[in-house]
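Take a look at the letters that make up each chain.
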Amino acid sequence: MDTPTQALPPLPDLFPPQPRRGKVRRLIVQHPSIVIGGSLLVLIILLAIFANWLGTVDPYKIAPAKRNRLPSMDFWFGTDTLGRDIYSRVLYGGRVSLFVGVSVAFLATVLGLVTGLIAGAYRRLDAIIMRLMDGLMSIPPILLAIALVAAIGGSVLNVILAITMAEFPRMSRIVRGVVLSVREQPFIDGAIAAGSTMPKIIIRHILPNIMGPIIVQATYICSAAMITEAALSFIGAGTPPSIPSWGGIMNEGRMLWQIKPYIILFPAVFLSVTVLAVNLLGDGLRDALDPRSATRL
Amino acid sequence: MLNFVVRRLVSTIPVMVFVALFVFSLIYFAPGDPAALIAGDQASAAEIERIRLSLGLDRPFFLRFFGWLGDVLQGDLGVSVFSQLPVTTLIGQRLEPTLSLMVMTVVLSVTIAVPLGVVAAARQGTWIDRFVMTFAVIGFSVPVFVIGYILSYVFAIRLNLLPVQGYSPLAEGFWPFLKSLLLPSVALSGVYVALIARITRTSMIEVLSQDYIRTARAKGLGQGPILFVHALKNASVPIITVIGIGISLLIGGAVVTETVFAIPGIGRLVVDAILRRDYPVIQGVVLLFSLGYVLINLCIDLIYTLLDPRVRY
């Protein structure tokens, strides 16, 4: 005979083991823009890195007999006025945009961190540093970059330095702002009371608290830098025309664009999609890291 | 109040001095001899010497800086190396198209962006909100020259509705003037609309959660007056601030837009100057644009201190 206890229905499983796919799905549901932006960005980075193996030809090879071809099976994006394959040039050109974007984001973050931390931590230097930042920010970024590149010459390194000068004051401002609000917290007083020194407090306590806003701002700087780089190359004041870049290809296509719009179209689409991907990633990270702040300046 | 106005006015002085110092030392950032750089590759030694003397490059740096600053304060921005014309004259000739483009863009952007942001805030979380926010992300991401070419291709080349390129001065009639600026200013609005719509939405969401909005609803006011009279007025300070700050994006965008649409404005002037290494022109344009930007933001600060008694610094 069965005992009554055996007749009881099984207890529902209150804590079912999380299926492994749950994490990914939750990320997609909660932060779709991180996933969409991130995947697009990875795709474009892969296209740029593996450009050699993706059916490209030498992007510098001039072939006068094949100039101004429409997009076809042989030339996926057509050829330009010198007969160069636009598909190859666009793929290789992505390297310049991505490299400039990432380098500027990195350099501007480092510079912004150093100046912002110093300004936020040492009141005496605050006024001086912030007046310098005000001065730099009162020159419109593209104009500042144009003026600097005009002076120091248009190599990839110089373009990176010029755009960094134009972009880092914003980062510095943000870092300083967060430092000023964090240093009012009681745990900083506690650290000071415990005999901690300022540099130690910055590294141990302040830095971890400002990582969120900094990462978000760095993605925005990255996208702004890619637009500025393309704008500089587009007006002919950026990286040397010998290196294919999205802005540079558009500059070369400018003269013919009323009859051959595809020369401009392909780099334009790639540039816009890349910047969109970085911006989506930044927006997603902003919501994920700090749900309170919904503004972007 | 007077105290604040004076302090705000004084605070722009160090900023402008810094800008002037930066602009002035531009030619020193360049490796090599500034005089040889300006003279170009084909210049003779005598020609380089002439430029060195005419720019006063033989004198000490700060002596030259204050001499130059004195000239600038008297409205003398130097002489173009390329055309031998005064920089102020060159800028004066190009001012109309650039100013028209920017004014039209600001008017267009504010008229589009503020209602978009208000509606997005009022319908927060619905498809309208998501549409406006998606539109804003795209506005931030598609560069002005890309929007410019797309618009020009569709409306000028395919549909033949508007001129492809060029600028028609206001003196030659209002309609041609408006038509020549419509596509450029729509293209230039992209990022500006995105910026203003986003801040309008954020600021409105904040205000709409306030008690006095509930009171307004309770006394039977319609959605329209609540949104556009009660809420927008109180949400306006961040919006106006961003409109001012955004001018900086607009100036950079104007340089590029003028290249796309072949508008003979200050942007073209500076682009041509870069290709010719015409430093006095580059310096003059950077200085003028920065001064304009600082003054606009100064005015905005002062205006809403006067209008809004809550703003105190």
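Not measured: the values here are computed from a predicted model.

A. The arrangement of the overall build of chain B in detail. Looking only at helices and strands, one finds 13 helices and 0 strands in chain B. Listed by position from the N terminus, the elements making up chain B come as α-α-α-α-α-α-α-α-α-α-α-α-α. Expressed as lengths along the three principal axes of its C-alpha atoms, the size of chain B is roughly 80 × 60 × 35 Å. Expressed as a percentage of its 313 residues, the buried residues of chain B come to 50%. Counting only contacts in chain B whose residues sit at least 6 apart along the sequence, the fraction spanning at least 24 positions is 71%. Of the accessible surface of chain B, which amounts to about 14800 Å², a share of 68% is contributed by carbon and sulfur atoms. Charge centroids of chain B, computed over 22 positive and 17 negative side chains, lie 14 Å from each other.

B. Spatial organisation of the domain arrangement of chain B. Residue and element names in this part refer to chain B. The domains assigned to chain B are domain 1 (2-73) and domain 2 (93-307). Using only C-alpha atoms to locate each centre, domain 1 and domain 2 end up separated by 32 Å. Listed per partner, the contact involves 18 residues of domain 1 and 14 residues of domain 2. The interface formed by domain 1 and domain 2 contains 1 salt bridge. A salt bridge links Arg8 to Asp301; its shortest N-O distance comes to 2.5 Å. Our enumeration of links across domain 1 and domain 2 arrives at 3 residue pairs in polar contact (both at pLDDT 80 or more). Counting residues per element, the ones that place at least two in the side of domain 1 that touches domain 2 are α1 (2-29), α2 (34-39) and α4 (61-73). Ranked by the residues each element gives to the side of domain 1 that touches domain 2, the list is headed by α1, at 13 residues. Grouping the constituent residues of the side of domain 1 that touches domain 2 by class yields 16 nonpolar, 1 polar and 1 charged.

C. A look at the nonpolar core. Within the largest apolar cluster, 176 residues are counted, with the highest numbers of intra-cluster contacts made by Ile206 and Ile210 of chain A together with Trp68, Phe145 and Ile282 of chain B. At 17 residues, helix α9 (residues 198-234) of chain A tops the list of elements feeding residues into this core. Two domains share this core, each providing at least three of its residues, namely domain 1 (2-73) and domain 2 (93-307) of chain B. In this view, Phe145 of chain B contacts Ala230, Ala231, Phe234, Met250 and Leu271 of chain A together with Val256 and Val260 of chain B; residues no more than four positions away in its chain are not counted.

D. View of the packing of aromatic side chains. Residue and element names in this part refer to chain B. This model, assessed by the stated rule, comprises 10 aromatic pairs over all chains. Here Tyr167 and Phe177 contribute two aromatic rings whose centre-to-centre distance is 6.2 Å and whose plane-to-plane angle is 75°, an arrangement assigned as edge-to-face. In this pair, Tyr167 is assigned in the loop between α7 (144-158) and α8 (174-208) and Phe177 in helix α8, connecting sequence segments 10 residues apart. Taking relative accessible area as the criterion, Tyr167 reaches 16% and is therefore assigned buried.

E. Representation of the pattern of salt bridges in the model. Applying the stated criterion to the full structure yields 11 salt bridges over all chains. Across the pair Asp126 of chain A and Arg176 of chain A runs a salt bridge whose closest N-O atoms are separated by 2.6 Å. In this pair, Asp126 of chain A is assigned in helix α5 (residues 123-137) and Arg176 of chain A in helix α7 (residues 156-182), connecting sequence segments 50 residues apart. Overall, the relative accessible area of 12% leaves Asp126 of chain A in the buried class. With relative accessibility at 21%, the residue Arg176 of chain A sits in the partly exposed group. Between Asp287 of chain A and Arg286 of chain A there is a salt bridge whose closest N-O contact spans 3.3 Å. Residue class for Asp287 of chain A comes out partly exposed when judged on its relative accessible area of 37%. We classify Arg286 of chain A as buried; its relative accessible area is 10%. One continuous salt-bridge network, built from bridges that share partners, spans Asp283, Arg286 and Asp287 of chain A together with Arg198 of chain B.

F. Fine view of the UniProt feature "domain: ABC transmembrane type-1" (unreviewed entry) in chain B. Sites flagged by UniProt as "domain: ABC transmembrane type-1" (unreviewed entry) map to residues 95-304 of chain B. Note that residues 95-304 of chain B is 83% helix and 0% strand, and that its end C-alpha atoms are spaced 28 Å apart.

G. Molecular detail of the UniProt feature "transmembrane region" (unreviewed entry) in chain B. Mapped onto the present numbering, the UniProt feature "transmembrane region" (unreviewed entry) falls at residues 12-30, 99-119, 131-157, 177-197, 237-261 and 281-307 of chain B. Taken end to end, residues 177-197 of chain B has its terminal C-alpha atoms 28 Å apart, with 100% of it in helix and 0% in strand.

H. Local environment of the interface of chain A and chain B. Counting residues at the interface gives 47 residues for chain A and 48 residues for chain B. Counting each side, the surface lost to burial between chain A and chain B is near 4000 Å², with a carbon and sulfur contribution of 77%. The largest per-residue losses of area from chain A upon contact with chain B belong to Leu143, Ile235 and Trp257 of chain A, which jointly make up 15% of the total buried on that side. At the boundary of chain A with chain B, the tally comes to 1 salt bridge.

Conventions we followed
Here the residue index of a chain counts from 1 through its sequence in written order. Labels are handed out in written order, letters beginning with A for the chains and numbers beginning with 1 for the ligands. The model is predicted, so local features are restricted to residues of pLDDT at least 70 and side-chain atom pairs to those at 80 or more, both for listing and for counting; the totals for chains, interfaces and linings are taken over all residues. Remark: hydrogens and water are excluded; side-chain values derive from all non-hydrogen atoms of the structure. Helix and strand assignments follow DSSP, with helices taken as H or I runs no shorter than four residues and strands as E runs no shorter than two, numbered in order from the N terminus. Classification of residues uses two cut-offs on accessible area relative to the type maximum, computed with a 1.4 Å probe and protein chains only: under 20% is buried, over 50% is exposed, and between them is partly exposed. Whether two residues are in contact is decided by their heavy atoms, any of which lying within 4.5 Å being enough. With residues, only the protein chains shown are counted as cover, and all accessible areas are computed by Shrake-Rupley using a 1.4 Å probe. Charge assignment in this entry is limited to Lys and Arg as positive and Asp and Glu as negative, and neither His nor the chain termini are counted. Lysine's charge is taken at NZ, arginine's at CZ, aspartate's at CG and glutamate's at CD. An automatic or database domain assignment is the source of the domain bounds shown. By definition here, a salt bridge exists when the distance from a side-chain nitrogen of Lys or Arg to a carboxyl oxygen of Asp or Glu is within 4 Å. Identification of polar contacts relies on pairs of N or O atoms within 3.5 Å, with a donor-acceptor requirement for protein atoms, meaning one able to donate a hydrogen and the other able to accept it, and with residues adjacent in sequence counted only if both atoms are side-chain atoms. Under the grouping applied here, Gly and all other residues not named as nonpolar or charged are polar, the nonpolar ones being Ala, Val, Leu, Ile, Met, Phe, Trp, Tyr, Cys and Pro and the charged ones Asp, Glu, Lys and Arg. To form a nonpolar core, buried Ala, Val, Leu, Ile, Met, Phe, Trp, Tyr and Cys residues must be joined to one another through side-chain atoms within 4.5 Å. Side-chain rings of Phe, Tyr and Trp, where Trp is taken by its six-membered ring, are said to pair if the distance between their centres is within 6.5 Å; with planes under 30 degrees apart they count as stacked, over 60 as edge-to-face, and otherwise as tilted. UniProt positions are given in the numbering used here, feature names are shortened, and annotations may be inferred rather than shown by experiment. Computed with a 1.4 Å rolling probe, the buried area is the accessible surface lost when two parts are put together, summed over both parts.

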